[in-house]
Amino acid sequence: MSPKTAKIRHRCVACYKMFNRRQHLVEHMKISHHSLHQPRCGVCFKHCKSFESVREHLNVPDHLFKGDCKSIFSERGCSLCLQIFDDATALAHHQNKCLLSPPLPLPLVNPTRTLGVVNSRLKAVAIDCEMVGGGDDGSIDLCASICLVDEDEHVIFSTHVQPQLPVTDYRHKVTGLTEEDLKNNGMRLQDVREKVLTILCGGHNDGVGRLLLVGHDLRHDMKCLKLQYPSHLLRDTAKYVPLMKTNLVSQSLKYLTRSYLGYKIQCGKHEPYEDCVSVMRLYKKMRDQEHGKAEKEEGDGLNSWKQSDLEKMKPEELYHNSTSEYRCWCLDRR
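Residues numbered from 1 in each chain as written. Predicted model: local features only at pLDDT ≥ 70, side-chain atom pairs only at ≥ 80, totals over all residues. Heavy atoms only, no water.

Spelled out, the test is: UniProt positions are given in the numbering used here, feature names are shortened, and annotations may be inferred rather than shown by experiment.
Labelled according to an unreviewed UniProt entry, the protein appears under the name RNA exonuclease 4, originating from Raphanus sativus. In its Sequence similarities (unreviewed entry) section, the UniProt entry covering the protein states "Belongs to the REXO4 family." Annotation of the protein in UniProt includes, under Subcellular location (unreviewed entry), the sentence "Nucleus".

## Examining the domain arrangement of the protein
Note the following rule: For every domain, the bounds stem from an assignment made automatically or drawn from a database. Contact between two residues is taken to exist if any of their heavy atoms lie within 4.5 Å; hydrogens are not considered. Buried area adds together the accessible area that both of two parts lose upon being put together, with accessible area traced by a 1.4 Å probe. When a carboxyl oxygen of Asp or Glu is within 4 Å of a side-chain nitrogen of Lys or Arg, the pair counts as a salt bridge. Contacts described as polar in this section are N or O atom pairs within 3.5 Å, which, within protein, must combine one atom able to donate a hydrogen with one able to accept it, while residues neighboring in sequence count only if both atoms come from side chains. Classification used: nonpolar for Ala, Val, Leu, Ile, Met, Phe, Trp, Tyr, Cys and Pro, charged for Asp, Glu, Lys and Arg, polar for all others including Gly.
Split into domains, the protein comes out as domain 1 (10–99 + 291–332) and domain 2 (124–288). Computed over C-alpha atoms, the centres of domain 1 and domain 2 are 32 Å apart. The interface is formed by 18 residues belonging to domain 1 together with 22 residues belonging to domain 2. The largest share of the area that domain 1 buries against domain 2 comes from F51, E52 and W329, three residues that together contribute 41% of it. At the boundary of domain 1 with domain 2, the tally comes to one salt bridge. One salt bridge connects D332 with R235, and the closest N-O pair in it is separated by 2.9 Å. Across the domain 1-domain 2 interface, the total number found is eight residue pairs in polar contact (both at pLDDT 80 or more). Looking at the side of domain 1 that touches domain 2 residue by residue, the class counts come to nine nonpolar, three polar and six charged.

## Some thoughts on the UniProt feature "domain: C2H2-type" (unreviewed entry) in the protein
Put simply, the rule reads: Counting from the N terminus, the helices are DSSP H or I runs at least four residues long and the strands are E runs at least two residues long.
Here, UniProt's "domain: C2H2-type" (unreviewed entry) annotation points to residues 10–39. Here residues 10–39 is 37% helix and 13% strand, with 23 Å between the C-alpha atoms at its ends.

## Digging into the state of the cysteines
Cut-off, in case you're wondering: Note on terminology: pairs of cysteine sulfur atoms within 2.5 Å are recorded as disulfides. For every residue, the accessible area obtained with a 1.4 Å probe (protein chains only) is divided by the maximum for its type, and the residue is called buried under 20%, exposed over 50%, and partly exposed between those limits.
Counting across every chain of the model gives zero disulfides. Of the cysteine sulfurs around C48, a residue in no disulfide, the closest is that of C41, at 7.6 Å. A residue is classified by how much of its surface remains accessible, and C48, at 7% relative accessible area, is buried. This cysteine, C201, is not joined by any disulfide, and C129 carries the nearest cysteine sulfur, 17 Å off.

## Some points on the nonpolar core
For clarity, the cut-off: To define a nonpolar core, start from buried Ala, Val, Leu, Ile, Met, Phe, Trp, Tyr and Cys residues and group those joined through side-chain atoms within 4.5 Å.
Judged by nonpolar contacts, the single largest core of 63 residues is most densely connected at I146, L148 and L225. The element contributing the most residues to this core is helix 10 (residues 272–287), with eight residues. Residue-level mapping places this core at the junction of two domains, with at least three residues from each of domain 1 (10–99 + 291–332) and domain 2 (124–288).

## A closer look at unusual backbone geometry
In this structure, L82 takes a positive phi of about 70° despite not being glycine. In this structure, L82 sits in the loop between helix 3 (69–76) and helix 4 (88–98). Look at Q266: it is not a glycine, yet its phi comes out positive at around 55°. Counting through the fold element by element, Q266 comes out in the loop between helix 9 (253–261) and helix 10.

What follows is the structure, given as structure tokens:
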């Protein structure tokens, strides 16, 4: 085929997909929401929906392997954060910081004691609740214990909770709780909810949220607490797109902790403090990523443009005018 008759193909500058028609590239860019906040391969800089997609890209089977990404990553890549380093020495130095140890067990304390003080420097609080079962078959989730930690992994609040309904399943293998734990030591759910709100409101009783609330599947915990909090202040590791599976289904906290922090949790009884610390560490690892500053951080992105104008743009222009479909947690540092 001569150069004059050869088809012009249009390449996405973010994920490198090829399209025969410019309008197909435009439609791809509109639904992909490519931006500098997306997870990327540290070798070829291919943009992916999630870090799991990057892992698949870097661990493609040998018979499908193309390019140098897999071999370079195997020599100089961190298996936790997926960053690439100049040499093995730099990688080893980084891994000493990236690979974390499990949190030490929470010391035995008065379960209704407040251990931390919320002050103006506190930016985020992590929460975890453990549930027991109510109802005839034990399927109704009842909040039985709760823990809140700050960004420094200090406990702010930890207590057992008196269930509002008769408990028919203490789920002891998971919770480690017994009837005596809740009967003699638990706070009323209403008092727990008020305490949590006071913490989230910075010690005020005005109902105005002043802290970010971090958790895993927060909707579940908030439902059991009968707690309402502004959605723009929630940071949920189960719903954060970069931490989801390649098909955008939530990962378990156990998997995320092992894959991104490098240690195991929930090997037996679930410890609210351990889960709290792990979810806070995940949040901070995502928040502390360096992505630079996009021309447009929020808004409708390409969907705010006329189709005719988009089809006149070069691939680079489409990328620069595209915006992320989620609010990147790195923006919490600003």
